[in-house]
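Listed here are the chains, written in short residue letters.
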Amino acid sequence: MTTVLVLNGPNLNLLGTRKPEVYGNTSLADVEKMCQSEADKLDLELVFRQSNHEGQLIDWIHEFGREVKAGNSIGAVYNPGAHTHTSVALHDAIEGAELPVIELHISNVHKREEFRHHSFISPVARGIIVGFGVQGYPMAINALHQLSQHGN
Ligand code: CA2
């Protein structure tokens, strides 16, 4: 079965435990269930991962770049967390692996602090979903699936 990777960066394991005014009350385990039900609808196998470590995330991006090239995966929905605003290494990993990525943010980063307005990931993302809460995850899986079917 073709896979879709949903990748979560640093601190997203804390989802639903603090800052409900920004990120809501849903836990990352609940987000995984939402993603599973969207993947089921699209006949995709969900691979759902989270790490607080940049190198681990880079290794997974390389792994799924190879999976896409082998025709086994449509790519990744990626919430890079704070790495969005800091990481040239993750930018380079996505570019180098040629991994199709939908960048996803739960909150609308553009109405928050100025340091959240710049993304190192956006220039290498196929598309961006920002500010729809955790509902953005199934939306992004759907968007990536559509891109994989119709291109562009
Ligand atoms: O809105 C998003 O999805 C973010 O990617 C979340 C990141 C933040 O650094 C980005 O600017 C926007 C933070 C993820 C950490 O989430 C927490 C959840 C609950 C409690 C503390 C942190």
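Keep in mind that what you see is a predicted model, and the values were worked out from it rather than measured.

(A) The arrangement of helix α5 (residues 136-150) in detail. Between its terminal C-alpha atoms α5 stretches 21 Å, which fits the 21 Å expected from 15 residues at 1.5 Å a residue. If you check which residues of α5 are buried, you get Gly 136, Tyr 137, Pro 138, Ala 140, Ile 141, Leu 144, His 145 and Leu 147. Of the residues one or two after α5, Gly 151 is the one with positive phi, at around 75°.

(B) Inspection of the sheet that holds strand β4 (residues 101-105) at higher detail. Within the open sheet, the 5 strands sit side by side as β2-β1-β3-β4-β5. Their pairing is parallel. Both outer strands of the open sheet, β2 (45-50) and β5 (127-130), are each paired with one neighbouring strand and no more. Here the average twist between neighbouring strands, direction ignored, is 20°. Sheet topology note: the strand β1 (residues 3-8)/β2 ladder contains 6 bridges and is parallel. Each residue of the ladder has a partner; that of Val 6, found in β2, is Phe 48. Where helix α2 (residues 28-41) meets the sheet, it contacts β1 and β2, and its direction lies at approximately 160° from that of β2.

(C) Quick look at the site of the ligand. Around the ligand sit 15 residues, and of these Asn 79, His 85, Ile 106, Ser 107 and Arg 116 come closest. Within the backbone of Ala 82, one N or O atom sits 3.4 Å away from an oxygen atom of the ligand. A distance of 2.6 Å is found between an oxygen atom of the ligand and a side-chain nitrogen or oxygen belonging to Ser 107. Using a 2 Å cut-off from the grid points, one finds that the ligand occupies the largest pocket. For the shell around the ligand, the residue count by class is 7 nonpolar, 6 polar and 2 charged.

(D) A look at unusual backbone geometry. Phi is positive for Asn 11, which is not a glycine, with a value near 75°. Within the secondary structure layout, Asn 11 lies in the loop between β1 and α1 (20-23). Of note, the phi angle at Glu 98 is positive, near 55°, even though the residue is not glycine. Within the element layout of this structure, Glu 98 appears in the loop between α4 (88-97) and β4. Since its relative accessible area comes to 55%, Glu 98 is described here as exposed.

Cut-off values and rules
- Residues numbered from 1 in each chain as written.
- Predicted model: local features only at pLDDT ≥ 70, side-chain atom pairs only at ≥ 80, totals over all residues.
- Heavy atoms only, no water.
- Helix = DSSP H or I, 4+ residues; strand = E, 2+ residues; numbered from the N terminus.
- Expected span 1.5 Å × (residues − 1).
- Buried < 20%, exposed > 50% of the residue type's maximum accessible area, 1.4 Å probe, protein only.
- Pairing = 2+ DSSP bridges.
- Axes fitted to C-alpha atoms, helices over the stretch in contact; angles between N-to-C directions.
- Contact = heavy atoms within 4.5 Å.
- Near = heavy atom within 4 Å.
- Polar contact = N/O pair within 3.5 Å; in protein donor to acceptor, adjacent residues only side chain to side chain.
- 1 Å grid on protein atoms, 1.4 Å probe; cavity = no way out; pocket = protein on both sides within 12 Å on 5 of 7 lines; lining within 4 Å.
- Sits in = over half its atoms within 2 Å of the grid points.
- Nonpolar A, V, L, I, M, F, W, Y, C, P; charged D, E, K, R; others polar.

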